[in-house]
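Examining the three-dimensional arrangement
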Amino acid sequence: MRATAIARVSLVRYFRDRASFFTVFVLPMMIVLLLGAASGGSAVPKLGFSAPEPDVLTAELLASLQGADGLEVVEIDNPETAVRQVERGDVQAAVIMPIGYEATMLSGADAEIRFVTREGPTSQGVADVVNAAVTEQATLLRTARFVSERDLGTFDEALGVAGQVQSELPPVAVEATMAGEAFALAGLGQFDIYAQGMLVLFIFMTTLTAGATIVQTRRLGVARRTFSTPTSVGTMIAGEALGRFALAALQGSFIFVGTWLFFGVDWGDPLGSAVTVIVFAAVASAAAMLLGAVAGNEQQASGLSWAVGIGGAALGGCMFPLAVLEELSETVYQVAHVTPHAWALEAFQTLVVDGGGLGDIVGYLGVLAGFAAVLFLLATWRLRVVLVR
């Protein structure tokens, strides 16, 4: 009970600073949102469609585009709005139909369909889809026009026959093969990869920063006064460790659930992901305890927490995905695994990308548990010396 009371006091002291709420709850979500929105990820591209005067042929073209795989079609009231939405990035591209499209085509004249797009990796793909839909409709219209010009039937009759024949033709089979192996993270959504990295980064960084309160406890003599009561050093260490573990688990759970609810992040097997968060929270709390034991003052603790926290996150793949490091340099990829961050991210990748379960990440969890045990043993040894000195 005394250890629990010490942990509760530790959390109260940490959250007494209002900025802590921003660091624990708001900042991680903001960074995931900004990075995911900037990257675009593998989100389905949006195509605007504006038709000032809807008609039958326009409706058929719209239906053809709406039936295309991997494309979301958004109907827009007027051409000016469509162009603005392309400029702002609300849609990747826009199709702007001319006034009197059907009448123009039926008269035998040419009609101009505007296609407005913005630069980006998906622009060519969207243009190909639009071009295919327009070409398909134009082929039927040219066929019907050819028949009617030679008095072999009316335009409408020829158009109907051409459409029926086209629907009965066997489809052209296209077989695509990929050379080499697919990029490991290619199937992830635009927020998924950043959510994993930011969860690991913030659990470790926030908990490490909270280790400065242990230094303050020592400096202000709080530990000595607590020790003068019927409270052992072991109970004090357990209470401090429990407080930091609770903070790490709280933030990890919030990021886990928040990104899933608001950004649709896929965390794979829920049980495996939850256990990974808990074990990594233990690593972070043990590291915070060791920091609180070796730092001489709050300023030194703050500097160490930022250096170790940011440095470990950068090396461990929180800012630059491990899969990319592996592609670029096998040596750097192996060096990254001196940090617990890399092992946690490997576990998440196994759960999300490979579709694994808890049994598939036991090895990664074992390494993380080893990190936690070693760090906690070192922290306990040091704290028994300095906590009541």
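Residues numbered from 1 in each chain as written. Predicted model: local features only at pLDDT ≥ 70, side-chain atom pairs only at ≥ 80, totals over all residues. Heavy atoms only, no water.

**Focus: the pattern of salt bridges**
Under the criterion given, the structure shown has 3 salt bridges. Glu298 serves as the salt-bridge partner of Arg219, at 2.8 Å between the closest nitrogen and oxygen. On the criterion of sequence distance, the pair formed by Arg219 in helix H9 (residues 212–219) and Glu298 in helix H13 (residues 298–316) is long-range, its members being 79 residues apart. You can call Glu298 buried: its relative accessible area is 18%. (Salt bridge = Lys/Arg side-chain N within 4 Å of Asp/Glu carboxyl O. Helix = DSSP H or I, 4+ residues; strand = E, 2+ residues; numbered from the N terminus. Buried < 20%, exposed > 50% of the residue type's maximum accessible area, 1.4 Å probe, protein only.)

**What about the sheet that holds strand S2 (residues 72–76)?**
Strand-to-strand pairing in sheets goes through backbone hydrogen bonds, with the strands running parallel or antiparallel. In space, the 4 strands of this open sheet follow the order S2-S1-S3-S4, with mixed pairing throughout. At either end of the open sheet lies a strand with only one pairing partner, and these are S2 and strand S4 (114–117). Looking at each pair of strands side by side, their axes are set apart by 20° on average, direction ignored. When strand S3 (residues 93–96) meets S4, the two strands line up antiparallel, connected through 4 bridges. By the bridge assignment for S4, Ile96 is matched with Arg114. Helix H4 (residues 79–88) rests against strand S1 (46–50), S2, S3 and S4 of the sheet, and its axis sits at about 165° to S3. (Pairing = 2+ DSSP bridges. Axes fitted to C-alpha atoms, helices over the stretch in contact; angles between N-to-C directions. Contact = heavy atoms within 4.5 Å.)

**Remarks on a nonpolar patch on the surface**
Taken together, Trp306, Ile310, Met319, Phe320 and Leu328 make up a surface patch of nonpolar side chains, about 520 Å² in accessible area. With respect to the helices, strands and loops of the structure, Phe320 is situated in the loop between H13 and helix H14 (322–328). (Patch = residues over 30% accessible without salt bridge, like charges linked within 9 Å, V, L, I, M, F, W, Y side chains within 5 Å. Areas by Shrake-Rupley, 256 points an atom, 1.4 Å probe, with all protein chains shown as cover.)

**Structural notes on the packing of helix H11 (residues 233–263) against helix H12 (residues 270–294)**
Pairs of packed helices are described in terms of their axes, by the angle between the two and the distance that separates them. Viewed as axis vectors pointing N to C, H11 and H12 meet at an angle of 140°, and their least axial separation amounts to 8 Å. As judged from the angle between their axes, H11 and H12 are oblique. The element H11 and its partner H12 pack so that their crossing is right-handed. Counted together, Ile237, Glu240, Ala241, Arg244, Phe245, Ala248, Ala249, Gly252, Ser253 and Phe256 of H11 and Ser273, Val277, Ile278, Ala281, Ala282, Ser285, Ala288 and Met289 of H12 form the full contact between these two elements. The residue inventory of the contact of H11 with H12, partitioned by class, reads 12 nonpolar, 4 polar and 2 charged. (Parallel < 35°, antiparallel > 145°, perpendicular 65-115°, else oblique. Left-handed = near helix turned anticlockwise from the far one by under 90°. Nonpolar A, V, L, I, M, F, W, Y, C, P; charged D, E, K, R; others polar.)

**A word on the packing of aromatic side chains**
This model, assessed by the stated rule, comprises 10 aromatic pairs. Relative to Trp267, the ring of Phe256 lies with its centre 5.1 Å away and its plane at 25°, an arrangement referred to as stacked. In this pair, Phe256 is assigned in helix H11 and Trp267 in the loop between H11 and H12, connecting sequence segments 11 residues apart. An identical accessibility class is assigned to Phe256 and Trp267; each is buried. (Phe/Tyr/Trp six-rings, centres within 6.5 Å; stacked < 30°, edge-to-face > 60°.)

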